[in-house]
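# A structural walkthrough
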Amino acid sequence: GDLSAAVDLLRQAVDRSPTWRTLLRLAELEQRSGAIDAARGHLESAMALVPGNTWPVAKLGELELLYGDLGRAERIYRDLVATNPQRSDLTNLGIVRFLLEDYEGAVASYRRALEIEPGHAAVTFNLADAELARGRREAALALYRQTFEALAARGEGSPVDRCLQAQCLAHLGNTSQAVEMALNALQESPQDAEVAYQAAIVFALSGQDASALAQAR
């Protein structure tokens, strides 16, 4: 639970033995603690140590996707999938393109990801969002339904999974059950930022703007 002390220890480890794995671990913790410029620098150092190793490259793409330059993130993931297409990299490329409002490109990336791992629930959910954004509502609703059923088949699932199910329900018009499911997930994981974020989306989709804002904050 002491993130700053963990970062300090990993920085000492990097000073003594700057391997790419140690640099990668340090960058991950720096990213979580908000030290984005330091994390970017350490990932670039890891890439320089092991040219051609895609692990630090993919991590840099993730950093740029979440906190930095979307254009750079797209270039990174585009290069990765051109040489060795992985489901996770194609998914992230789709997310970048979605955020850049290239919905056609996002759909194409998600569909390639599903060719590698058919039925993947999170990718199917992202594809639904992209189809909705480009105005294909019926296709999107079918995909939300497919996502809900795939997650339900796993059993109770994690709080984040249940929030994704709740979002599907909200899109499908069952807002009361969606809100109830999101509230249950929040009760189970009240300190989880990802759950709070996903629940905020459920509340927004269900027309409960004040609750959505509270969870986003």
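Check the entry above for the structure.
The following refers to the structure shown.

Cut-offs used in this document
- Residues numbered from 1 in each chain as written.
- Predicted model: local features only at pLDDT ≥ 70, side-chain atom pairs only at ≥ 80, totals over all residues.
- Heavy atoms only, no water.
- Helix = DSSP H or I, 4+ residues; strand = E, 2+ residues; numbered from the N terminus.
- Rg over C-alpha atoms; globule rule 2.2 N^0.38 Å.
- Buried < 20%, exposed > 50% of the residue type's maximum accessible area, 1.4 Å probe, protein only.
- Contact = heavy atoms within 4.5 Å.
- Areas by Shrake-Rupley, 256 points an atom, 1.4 Å probe, with all protein chains shown as cover.
- Lys, Arg positive; Asp, Glu negative; His and termini not counted.
- Charge placed at Lys NZ, Arg CZ, Asp CG, Glu CD.
- Expected span 1.5 Å × (residues − 1).
- Polar contact = N/O pair within 3.5 Å; in protein donor to acceptor, adjacent residues only side chain to side chain.

All right, on to the overall build of the protein then. Counting its secondary structure elements, the protein contains 13 helices and 0 strands. Here the C-alpha atoms of the protein give a radius of gyration of 19 Å, agreeing with the 17 Å that 2.2 N^0.38 yields for 217 residues. With the C-alpha coordinates aligned to their principal axes, the bounding extent of the protein is approximately 55 × 40 × 30 Å. The buried share of the protein, reckoned over its 217 residues, is 41%. Summarising the internal contacts of the protein: among those between residues at least 6 apart in sequence, 42% fall at separations of at least 24. Just so you have it, the protein exposes about 11,400 Å², and 50% of that area is on carbon and sulfur atoms. Between the centroid of the 21 positive side chains of the protein and the centroid of its 29 negative side chains there is a distance of 3 Å.

Okay, helix 4 (residues 54-67) next. For helix 4, built from 14 residues, the straight-helix expectation of 20 Å at 1.5 Å per residue is met to within 8% by its first-to-last C-alpha distance of 20 Å. The complete set of buried residues in helix 4 reads P56, L60, G61, L63, E64 and L65. In this structure, the buried residues of helix 4 make contact with helix 2 (20-33), helix 3 (36-49), helix 5 (70-83) and helix 6 (87-99). You can read the cap of helix 4 off the contacts: a side-chain oxygen lies 2.9 Å from the backbone nitrogen of W55, and it is on N53.

A rise of 1.5 Å per residue sets the reference length of helix 6, with its 13 residues, at 18 Å; its end C-alpha atoms lie 19 Å apart and thus fit the reference within 8%. Considered for burial, the residues of helix 6 that qualify are D89, L90, T91, N92, L93, G94, V96 and R97. For helix 6, the secondary structure elements touched by its buried residues are helix 4, helix 5, helix 7 (103-116) and helix 8 (121-133). Positive phi appears at E101, one or two residues downstream of helix 6, with a value of about 65 degrees.

The residue T22 is located in helix 2 in this model. For T22, a relative accessible area of 13% puts it in the buried group. Non-local contacts of T22, meaning those with residues more than four positions away in its chain, are made with L10, A13, V14 and S17.

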